[in-house]
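# Observations on the model geometry
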There are 2 protein chains.
Amino acid sequence: MTHLAAEGALDTVPIGTFTTEAGATIPGAQIAYQRWGTPLPDHSNVLVVEHALTGDSRVDQWWGELLGPGRALDTRRYCVISTNVLGGCQGSTGPSSPHPDSSRPDSQAWGSRFPALSIRDQVHAERLFLRALGITRVHAVMGGSMGGARTLEWAALYPHALRAAGVFAVSARASAWQIGIQSAQIAAVENDPHWHGGDYYATGQAPLGGLATARRIAHLTYRGELELDERFGTSAQEGENPCGAFRSPHQRFAVESYLDYQAEKLARRFDAGSYVTLTDALNRHDIGRGRGGLNKALAAIGTPTFVAGVDTDILYPYHQQEHLSRNLGNLLGMAKIVSPVGHDAFLAETRQMDRIIRSFLDRAAALP
Amino acid sequence: MTHLAAEGALDTVPIGTFTTEAGATIPGAQIAYQRWGTPLPDHSNVLVVEHALTGDSRVDQWWGELLGPGRALDTRRYCVISTNVLGGCQGSTGPSSPHPDSSRPDSQAWGSRFPALSIRDQVHAERLFLRALGITRVHAVMGGSMGGARTLEWAALYPHALRAAGVFAVSARASAWQIGIQSAQIAAVENDPHWHGGDYYATGQAPLGGLATARRIAHLTYRGELELDERFGTSAQEGENPCGAFRSPHQRFAVESYLDYQAEKLARRFDAGSYVTLTDALNRHDIGRGRGGLNKALAAIGTPTFVAGVDTDILYPYHQQEHLSRNLGNLLGMAKIVSPVGHDAFLAETRQMDRIIRSFLDRAAALP
């Protein structure tokens, strides 16, 4: 097999000219990845772990307590591989990557020339990446949220390439509510005067205000209202007075300051073009498209699939995971994450996720 | 008593110089109102009906099936009075109203000079309005959402001015989640380049894009995800392709087109300055402020109060109405609106609201 990156180190793999489901092309595409643990020669111990919207290949950061020797993602037993998604901004080709045709004077980045992607495109790119490494079949693919959507498409697109799938906190397709709230986030970025139709990379300014607005909205869909209220309630931010005689953006409630902090943190580390591209891909998520409808498509998935959801998730409500579990062709198991945290519980509730991932991998290992 | 407006006709009542809770003043303030039915000489049959955020005094439009002879708001028995809230844009003084000092050359509207308002300020202004009409005590005050917040403050501020209160689909105070999502809406308006710090009235352009973005977000908090999904799912808007090779704001899912329509409809009829002022007032809603905390303040409310909530409300979840019912000093009754519609069910579920309002008024009439 191809030489793998050193344990934990970020590396990139070229996948050639990539053609999207809708017919656009991305010449010279590459996928960034990291790996932990050692693969068996037949790759039968490889776990592909898929990140969520603004995540990346650094599983050791966002599932850090679940990764390592003796942990649920046990690196003594398994080789964990995680990519940065196509369209992302942490090493894989995305809107902020240099365009291969550098003749355009105003920008060297893809910008508005970067095509729209579907979740299927993301999985197709990852399939090409694994093949470039010489890997044609892995033990399992798993992930939550957008990572769960990719995992589900792995099971639908390439059933022979994985033994089992772990799908957490996601649905069989985008719901109208998700499309609505995600489109509002896209609009917030696009309405920023620094967006320039997506071609802001050479301007020296980024649509950080719009991205921050999008993240504030998104964060409220990731977090349960009970948890937020217990933490912040109607408290004023220290030294500020949100109930003064005149309203001011600088006189905030504590929860506003918290959301501002989360938004600024994201705006510093994440590209607005990638945010729009990946959010749009979530809008396009639909297991049923071109496969005879949702339930027919789910029934046709023979890959043993484990499903988990969060009881307080308002973005991907638990009934959507129940729908998956009732309609998937080969349900390996089902678990409910019980938490006040909301959607993000698949990242935050480490103790429960440890149990769920172990249960999933145990069942996958016991498959005939 | 003062001469009342003709049945159903919009009229205005001056309330003099208004001083806000936080100490700002609004000289020459006025309150617009409508009434239906005939008041008894002692006003003991007057019902004050309070509108929600973007509503106004036209109860015949937003609770039309509940208002009239023989209906729940029976105009043969009751005199229904509804104001436009202070800070609004349908006849009462608000940011778009002419400023009494016309010397400022760039704008004749209040704009950024209009002070912040609390829910208590809104109620105080309405109290002054009723007194200007010679009305010191009414049979009941009722309303949903922001109208429910005003109703609750009526009961807390002026217990001798009403016999009973009907509080629907609201909470004892803003939750952190509400403040978060409402602040995101305020930011969307403020980030519109046509906002001009609130002083856009003389520019010939309004921050309609920002207001539309705010409304799209708001609408998703007013509507249940199941209802939206049953209506729209992942359907494309007719003649558009949201899954094409390149993303475009003009290639939309059906739910995006629906939200765009709702947003444009609001932007045509509602002032952005009022939207910001009233949304900020909702952020400030806190029955406990300055009253020894939330539950002490609720326990001190002796006004018989009827509470109703919606089982699928994500903006004011039902547990918030349960909290009210457990802590109010004098609970008159409790009802659950069962609906897939979400928060807006207090407007949309006419049959259930008919039953709830009749139940509330029957209990209020039976009070000793």
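Residues numbered from 1 in each chain as written. Chains lettered and ligands numbered in written order. Predicted model: local features only at pLDDT ≥ 70, side-chain atom pairs only at ≥ 80, totals over all residues. Heavy atoms only, no water.

### Notes on the overall build of chain A
Put simply, the rule reads: Helix and strand definitions follow DSSP, with helices as H or I runs of at least four residues and strands as E runs of at least two, each counted in order from the N terminus. The globule rule used for comparison is 2.2 Å times the number of residues to the exponent 0.38, while the radius of gyration itself is calculated over C-alpha atoms. Residue burial considers only the protein chains on display, and all accessible areas are found by Shrake-Rupley using a 1.4 Å probe.
When helices and strands are counted, chain A shows twelve helices and ten strands. Rg of the C-alpha trace for chain A: 21 Å, near the compact-globule value of 21 Å for 368 residues, within the 12% margin. Once the C-alpha set of chain A is aligned to its principal axes, its extents read approximately 70 × 55 × 45 Å. Total accessible area computed for chain A in this model is approximately 12900 Å², and 49% of it derives from carbon and sulfur atoms.

### Looking at the domain arrangement of chain A
Residue and element names in this part refer to chain A. Where we set the bar: The split into domains, and so the bounds of each, comes from an automatic or database assignment of domains. Two parts lose some accessible area (1.4 Å probe) when they are put together, and adding that loss for both gives the buried area. Just to be clear on terms, a salt bridge is a Lys or Arg side-chain nitrogen sitting within 4 Å of an Asp or Glu carboxyl oxygen.
The domain boundaries assigned to chain A delineate domain 1 (9-175 + 286-366) and domain 2 (178-279). Domain 1 and domain 2 are separated by 26 Å when their C-alpha centres are compared. Between domain 1 and domain 2, a total of about 2500 Å² is buried, with carbon and sulfur atoms accounting for 55% of that surface. In terms of surface lost to domain 2, no three residues of domain 1 exceed Leu53, Thr54 and Leu315, which account for 25% of the buried area on that side. Along the contact surface separating domain 1 from domain 2 lie one salt bridge. Among the ionic pairs, Asp344 bridges to Arg223, the shortest N-O distance being 3.3 Å.

### Notes on the packing of aromatic side chains
All names here are of chain B. Selection criterion: Here is the rule: rings of Phe, Tyr and Trp (six-membered ring for Trp) pair when centre to centre is within 6.5 Å. Planes less than 30 degrees apart are stacked, more than 60 are edge-to-face, and the remainder are tilted. Throughout, exposure labels follow a simple rule: accessible area from a 1.4 Å probe, protein chains only, divided by the maximum for the residue type, with under 20% read as buried, over 50% as exposed, and the rest as partly exposed.
Under the counting rule described, the total for this entry stands at 20 aromatic pairs over all chains. Between Trp63 and Phe168, the ring centres sit 6.3 Å apart and the planes meet at 50°, which makes this aromatic pair tilted. Within this pair, whereas Trp63 is found in the loop between helix 1 (59-62) and strand 4 (67-68), its partner Phe168 is found in strand 8 (residues 162-168), the two being separated by 105 residues in sequence. The two residues Trp63 and Phe168 agree in class, both being buried. Considering the side-chain rings of Phe306 and Phe360, the 5.9 Å spacing of their centres and the 50° angle between planes classify their relative orientation as tilted. With Phe306 in strand 9 (residues 305-310) and Phe360 in helix 12 (residues 350-365), this pair connects stretches of sequence that are 54 residues apart. Taking the relative accessible area as the measure of exposure, Phe306 reaches 1% and is therefore buried.

### Considering the interface of chain B and chain A
We apply this condition: It only takes one pair of heavy atoms within 4.5 Å for two residues to be counted as in contact. Within 3.5 Å is the distance limit for a polar contact, defined as a pair of N or O atoms, with the added protein rule that one can donate a hydrogen and the other accept it, and that residues adjacent in sequence qualify only through two side-chain atoms. In this count, Pro and Cys sit with the nonpolar residues alongside Ala, Val, Leu, Ile, Met, Phe, Trp and Tyr, while Asp, Glu, Lys and Arg are called charged and the others, Gly among them, polar.
Counting residues at the interface gives 53 residues for chain B, matched by 53 residues for chain A. Between chain B and chain A, roughly 4400 Å² of surface is buried when both sides are summed, and carbon and sulfur atoms account for 64% of that area. Of all residues in chain B, the largest losses of buried area upon contact with chain A belong to Trp177, Glu225 and Arg247 of chain B, amounting jointly to 17% of the total for that side. Counting across the chain B and chain A interface gives four salt bridges. In this structure, Asp229 of chain B and Arg173 of chain A form a salt bridge, with 2.9 Å as the shortest nitrogen-oxygen distance. Summed over the shared surface of chain B and chain A, the result is 24 residue pairs in polar contact (both at pLDDT 80 or more). Where the side of chain B that touches chain A is concerned, the elements lending two or more residues are helix 4 (176-190), helix 5 (208-222), helix 6 (225-232), helix 7 (254-269), helix 8 (272-284) and helix 10 (318-327) of chain B. Counting residues per element, the side of chain B that touches chain A draws most heavily on helix 4 of chain B, which supplies nine residues. Within the side of chain B that touches chain A, the residues separate by chemical class into 29 nonpolar, twelve polar and twelve charged.

### Digging into the sheet that holds strand 3 (residues 46-50) of chain B
All names here are of chain B. Applicable threshold: Only strands joined by at least two bridges in the DSSP assignment are considered to pair. Convention adopted: a line fitted to C-alpha atoms gives each axis, helices being fitted over their contacting stretch, and angles between N-to-C directions are expressed from 0 to 180 degrees.
In spatial order, the strands read 1-2-6-3-7-8-9-10; together these eight strands make up an open sheet with mixed pairing. The sheet is open, and its two borders are formed by strand 1 (11-19) and strand 10 (331-337), each paired with just one other strand. Going from strand to strand, the sheet's axes swing by 20° on average, the running direction of each strand aside. Bridge count for strand 1 against strand 2 (residues 25-36) is seven bridges, and the pairing is antiparallel. Counterpart to Asp11 in the pairing with strand 2 is Tyr33.

### With respect to the relation of the copies chain B and chain A
Under the convention used in this document: Here the copies are superposed with least squares, the fitted atoms being C-alpha atoms of residues at a pLDDT of at least 70 in both.
Aligned on chain A, chain B shows an RMSD of 0.0 Å; the corresponding rotation is 180° and the shift along the axis is 0.0 Å. What we have between these two chains is a two-fold relation. Residue Ala188 of chain B, judged by its C-alpha, is the member of chain B lying nearest the rotation axis, at 3.7 Å.

### Remarks on the side chain of Ser274 of chain B
All names here are of chain B. Relative to the assigned elements, Ser274 resides in helix 8. By relative accessible area, Ser274 is classed as buried at 0%. When sequence neighbours within four positions are dropped, the list of residues in contact with Ser274 reads Gly87, Gly88, Cys89 and Pro95.

### Regarding the packing of helix 2 (residues 119-132) of chain B against helix 3 (residues 146-157) of chain B
Residues and elements named next belong to chain B. Our working rule: Note on terminology: angles under 35 degrees are roughly parallel, angles over 145 are roughly antiparallel, angles of 65 to 115 are roughly perpendicular, and the others are oblique. Note on convention: near helix rotated counterclockwise from far helix by under a right angle means a left-handed crossing. Clockwise means right-handed.
Two numbers describe how helix 2 lies on helix 3: the axes approach to 9 Å, and their chain directions differ by 70°. As summarised for this structure, helix 2 and helix 3 are arranged roughly perpendicular, according to the angle between their axes. Crossing of helix 2 against helix 3: the hand is right-handed. Residues Ile119, Arg120, Gln122, Val123, Glu126, Arg127 and Leu130 of helix 2 pack against Met146, Ala149, Arg150, Glu153, Trp154 and Leu157 of helix 3. Residues belonging to the contact of helix 2 with helix 3 are distributed by class as follows: seven nonpolar, one polar and five charged.

### Here we look at helix 12 (residues 350-365) of chain A
Residue and element names in this part refer to chain A. The test is simple: Multiply 1.5 Å by the residue count of a helix minus one, and that product is the helix's expected span. Here the arc refers to the set of directions running from the helix axis out to each C-beta atom.
With 16 residues, helix 12 extends 22 Å from end C-alpha to end C-alpha; this agrees with the ideal 22 Å at 1.5 Å per step. Among all positions in helix 12, only Thr350, Gln352, Met353, Ile356, Ile357, Phe360, Leu361 and Ala364 are buried. In a view along the axis of helix 12, the buried residues occupy a sector of 155°, so they form one face of it.

### Concerning the UniProt feature "binding site: substrate" (unreviewed entry) in chain A
Residues and elements named next belong to chain A. Worth spelling out the cut-off: UniProt positions are given in the numbering used here, feature names are shortened, and annotations may be inferred rather than shown by experiment.
When the UniProt feature table is mapped to this numbering, "binding site: substrate" (unreviewed entry) covers Arg215 and Asp344. Taken together, the annotated residues stretch across 130 residues yet fold into one region, lying no more than 13.8 Å apart by C-alpha. Summarising the element assignment, Arg215 is placed in helix 5 (residues 208-222). With residues near it in sequence (within four places) discarded, Arg215 still touches Thr54, Tyr222, Gln262, Ala263, Leu266, Arg269 and Tyr275. In this structure the side chain of Arg215 is engaged in a polar contact, spanning 3.4 Å, whose partner is the side chain of Thr54.

### Topic: the pairing of strand 9 of chain B
All names here are of chain B. Put simply, the test is: Consider the strands pointing away from the viewer: the crossover is right-handed when the path from the first strand over the helix to the second runs clockwise.
Most of strand 9 is tucked away: six of the six residues are buried. Because side chains alternate across strand 9, one face comprises the buried residues Thr305, Val307 and Gly309, and the other comprises Phe306, Ala308 and Val310, equally buried. As defined by bridge partners, strand 9 adjoins strand 10 across six bridges and the pair is classed as parallel. Among the inter-strand pairings, Phe306 is bridged to a residue of strand 10, identified as Gly333. In this fold, strand 9 hands off to helix 10, which returns the chain to strand 10; that crossover is right-handed.

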